[in-house]
Amino acid sequence: MSTDNRPLSPHLQIYRPQLTSVLSILHRLTGIALAIGTLLLVWWLIAAAAGPEAYDAAQAFIGSIIGRLLLLGWTFALFYHFANGIRHLAWDAGWGFELRTAYTTGWLVVIVAVALTLVSWVAGYAARGGI
Amino acid sequence: MSLRSPLGRARGLGSAKSGTQHWWAQRLTALALVPLTIWFVIAIIAATGSDHANAVAFIGNPVTAVLLILLIVATFHHAQLGLQVVIEDYVHTKPLEIAALLAIKGLAIVLALAAIFAVLSIAFGGA
């Protein structure tokens, strides 16, 4: 039973993006990104267990330009998914479905995610004693 | 007496059977990940840029090791539950969908086990 050639109602061309729908798909996208990012975490742990050379190689990659870029993206994905995840848990408890509340908490999630990303990176660089 | 038609039963359509369990496990792991994530972010920032000796000391510390293992288990369970839903939503050919689900769940088990093994070998072995 092929599903390839049935006609579908247009959706992305019709509905204007709203905070609710954008944050929803962003939650899914950040979740996928985080799942891919677990590969780096596992590599780092195995490298630490393997010995100094393997560990230094892992640290070198993380410290490289591309490594830091990936880490920055992953950090934002983490904080966004974390904050919006709590918003989801509140919904599961039955709270926050009023449209205004959903928009307020939605913006709160975005602001918190960006803020936590900045704070954690500033703290990280401070802990290292500079860039 | 089941109200399902024989054809419905044969085609496997209808209730996903363990949907409620999936939903609840997703929320439980999410709940566990709230404090674990907060701890992990703070700990990893404090340990950032460590050389190998310090990293091993950090990971091998008993409290850290236990928390890391809890983080690994909760993360990979939560991740594979989430990815399962994504695959079910977007993959429309059954054989491909099943293959993708098996691959993701298998990978989650392998990676989680590898990570836990790494933590334990540092904690017990002093790598």
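Caption draft 1: Representation of the interface of chain A and chain B. Tallying the contact residues gives 31 residues for chain A and 41 residues for chain B. Regarding the contact of chain A and chain B, the summed buried area is about 2700 Å², with carbon and sulfur atoms giving 78% of it. Among the residues chain A hides against chain B, the three largest losses belong to R28(A), L45(A) and F82(A). Together they make up 20% of the total. In this assembly, chain A and chain B are joined by two salt bridges. Ionic pairing is found between R27(B) and D92(A), a salt bridge with its closest N-O pair at 2.7 Å. Mapped by element, the contributors of at least two residues to the side of chain A that touches chain B are α1 (19–50), α2 (52–63), α3 (65–92) and α4 (99–128) of chain A. No other element matches α1(A), which puts 13 residues into the side of chain A that touches chain B. Looking at the side of chain A that touches chain B, its residues break down into 21 nonpolar, seven polar and three charged.

Caption draft 2: Examining a nonpolar patch on the surface more closely. Residue and element names in this part refer to chain A. Together, W43, F61, I66 and L70 make up a nonpolar patch on the protein surface, roughly 380 Å² of accessible area in all. By secondary structure assignment, the location of F61 is in helix α2. The partly exposed category is assigned to F61, whose relative accessible area is 30%.

Caption draft 3: Spotlight on the pattern of salt bridges. Considering all chains together, one arrives at three salt bridges over all chains under this definition. The shortest N-O distance in the salt bridge between R28(A) and D89(B) comes to 2.6 Å. One end of the pair, R28(A), is in helix α1; the other, D89(B), is in helix α4 (residues 62–90), on a second chain. Here D89(B) falls in the partly exposed class, since its relative accessible area comes to 37%. A salt bridge links E97(B) to K94(B); its shortest N-O distance comes to 3.8 Å. With a gap of three residues between them, E97(B) and K94(B) both fall in helix α5 (residues 94–125), about one helical turn apart. A relative accessible area of 11% places E97(B) in the buried class. A residue is classified by how much of its surface remains accessible, and K94(B), at 53% relative accessible area, is exposed.

Caption draft 4: Spatial organisation of the nonpolar core. W44(A), L45(A), I59(B), L68(B), I72(B), F76(B) and V119(B) are the most contacted members of the largest nonpolar core, which has 33 residues in total. Mapped onto this core, the elements with two or more residues apiece are α1 and α2 of chain A together with α2 (19–46), α3 (52–60), α4 and α5 of chain B. Looking at this core element by element, the count peaks at eight residues for α5(B). Judged by nonpolar contacts, the second largest core, of 12 residues, contains L23(A), A77(A), L78(A) and Y80(A).

Caption draft 5: Layout of α4(A). Across its 30 residues, α4(A) extends 44 Å between first and last C-alpha, which sits within 8% of the 44 Å expected from 1.5 Å per residue. Along α4(A), the positions that sit buried rather than exposed are A102(A), T105(A), G106(A), V109(A), A113(A), T117(A), S120(A), W121(A) and G124(A). On its buried face, α4(A) sits against α1 and α3 of chain A together with α2 of chain B. In the segment just after α4(A), G129(A) is the residue with positive phi, at about 80°.

Caption draft 6: Inspection of the environment of Y55(A) at higher detail. In this fold, Y55(A) is placed in helix α2. Classification of Y55(A) by relative accessible area gives buried; the value is 1%.

Caption draft 7: Structural view of the packing of aromatic side chains. Inspection of the entire model under this criterion finds seven aromatic pairs over all chains. On the basis of an interplanar angle of 50° and a centroid distance of 6.4 Å, the ring pair of W39(B) and F40(B) is categorised as tilted.

Caption draft 8: Fine view of the packing of α2(A) against α3(A). Residues and elements named next belong to chain A. Relative to each other, α2 and α3 sit at 75°, their axes nearing to 4 Å. Between α2 and α3, the angle is such that the two are roughly perpendicular. Contact with α2, carried on its side by F61, I62 and G63, involves I65, I66, G67, R68, L70 and L71 of α3 and no other residues of that element. Split by residue class, the contact of α2 with α3 holds six nonpolar, two polar and one charged.

Caption draft 9: Just the confidence of the model for chain B, in detail. In the predicted model, chain B carries a mean pLDDT of 92, and the fraction of residues at 70 or more is 95%. For this predicted complex, the interface confidence comes out at an ipTM of 0.91, alongside a pTM of 0.90.

Caption draft 10: Structural view of the environment of G63(A). Tracing the chain through its elements places G63(A) in helix α2. As for G63(A) and H81(A), which are separated by 18 residues in sequence, their C-alpha atoms are 24 Å apart.

Conventions used here
Residues numbered from 1 in each chain as written. Chains lettered and ligands numbered in written order. Predicted model: local features only at pLDDT ≥ 70, side-chain atom pairs only at ≥ 80, totals over all residues. Heavy atoms only, no water. Contact = heavy atoms within 4.5 Å. Buried area = accessible area lost by both parts, 1.4 Å probe. Salt bridge = Lys/Arg side-chain N within 4 Å of Asp/Glu carboxyl O. Helix = DSSP H or I, 4+ residues; strand = E, 2+ residues; numbered from the N terminus. Nonpolar A, V, L, I, M, F, W, Y, C, P; charged D, E, K, R; others polar. Patch = residues over 30% accessible without salt bridge, like charges linked within 9 Å, V, L, I, M, F, W, Y side chains within 5 Å. Areas by Shrake-Rupley, 256 points an atom, 1.4 Å probe, with all protein chains shown as cover. Buried < 20%, exposed > 50% of the residue type's maximum accessible area, 1.4 Å probe, protein only. Core = buried A, V, L, I, M, F, W, Y, C linked by side-chain atoms within 4.5 Å. Expected span 1.5 Å × (residues − 1). Phe/Tyr/Trp six-rings, centres within 6.5 Å; stacked < 30°, edge-to-face > 60°. Axes fitted to C-alpha atoms, helices over the stretch in contact; angles between N-to-C directions. Parallel < 35°, antiparallel > 145°, perpendicular 65-115°, else oblique. pLDDT = per-residue confidence, 0-100.

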